[in-house]
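The residues making up each chain are set out below.
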Amino acid sequence: MSEGFPLPWARPFQVGLRTAHIMAMGLVLGGVALGAGHGRLKASIAATVVSGVLLFALDLAKGTTVIYQGSGVAVLLKLALLGLGNLVPQQRLGWYLAATAVASIGSHMPGNWRHFSLIHGKVIRH
């Protein structure tokens, strides 16, 4: 896996993207809770997906080891839960709430957990 490359502008860009991601995701989650159809949520879903993909791309650009670190595993688990929400629409809200919990924990867990490599059995920082 690659070491990545330095991105001096990444942190402020990441903060802005994360803010947009949380706002868009909040609209999707609230819309689902209130029974809004896909058509009404299309723009918020698109904003959530685009901002999420860009956030993960930034992490991968810093180093692909993120995929098997705590933070990357949290992202993959979140995506799986979102997928289950799409596969089982009558339980979508529950799956989306679980994905939100995983995302929050993944973003706020201690650095030693976020950067812990499940393959190497130790903390690996970019």
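In what follows, the structure referred to is the one given above.
Described below are features of the structure shown in this document.

So, how was this worked out
Residues numbered from 1 in each chain as written. Predicted model: local features only at pLDDT ≥ 70, side-chain atom pairs only at ≥ 80, totals over all residues. Heavy atoms only, no water. Helix = DSSP H or I, 4+ residues; strand = E, 2+ residues; numbered from the N terminus. Rg over C-alpha atoms; globule rule 2.2 N^0.38 Å. Buried < 20%, exposed > 50% of the residue type's maximum accessible area, 1.4 Å probe, protein only. Contact = heavy atoms within 4.5 Å. Areas by Shrake-Rupley, 256 points an atom, 1.4 Å probe, with all protein chains shown as cover. Core = buried A, V, L, I, M, F, W, Y, C linked by side-chain atoms within 4.5 Å. Expected span 1.5 Å × (residues − 1).

All right, on to the overall build of the chain then. Helix and strand counts for the chain come out as five helices and two strands. From first element to last, N terminus to C terminus, the chain shows the α and β order α-α-α-α-α-β-β. Whereas a compact globule of 126 residues would reach a radius of gyration of roughly 14 Å, the chain reaches 15 Å, a difference of no more than 12%. Taking the principal axes of the C-alpha coordinates as reference, the chain spans close to 45 × 30 × 20 Å. Each of the 126 residues in the chain was classed as buried or not, and the buried ones make up 33%. Look at the contacts in the chain between residues 6 or more apart in sequence, and 61% of them connect residues 24 or more apart. Carbon and sulfur atoms make up 71% of the accessible area of the chain, which totals about 7,700 Å².

Relative to the helices and strands, Ser 71 resides in helix 3 (residues 70–87). The class for Ser 71 is buried, based on a relative accessible area of 16%. With residues up to four places along the chain from it excluded, the contact list for Ser 71 reads Val 66, Met 109 and Arg 114.

On to the nonpolar core, then. For soluble globular proteins, nonpolar side chains are generally found buried alongside one another. Listed in full, the six residues of the largest apolar core are Leu 7, Ala 10, Leu 17, Leu 55, Leu 58 and Ala 61. Going through the elements one at a time, helix 1 (10–33) and helix 2 (38–62) are the ones with two or more residues in this core. In terms of residue count, helix 2 provides more of this core than any other element does, three residues in total.

Below, the discussion takes up helix 3. Between its first and last C-alpha atoms helix 3 spans 26 Å; for 18 residues at 1.5 Å apiece the expected length is 26 Å, and the two agree. If you check which residues of helix 3 are buried, you get Gly 70, Ser 71, Gly 72, Ala 74, Lys 78, Leu 81 and Gly 85. On its buried face, helix 3 sits against helix 1, helix 2, helix 4 (92–108), helix 5 (111–114) and strand 1 (116–117).

A word on the side chain of Thr 48. With respect to the helices and strands, Thr 48 occurs in helix 2. Judged by its relative accessible area of 16%, Thr 48 falls in the buried class. Setting aside chain neighbours within four positions, we find Thr 48 in contact with His 21, Ala 24, Met 25 and Val 28.

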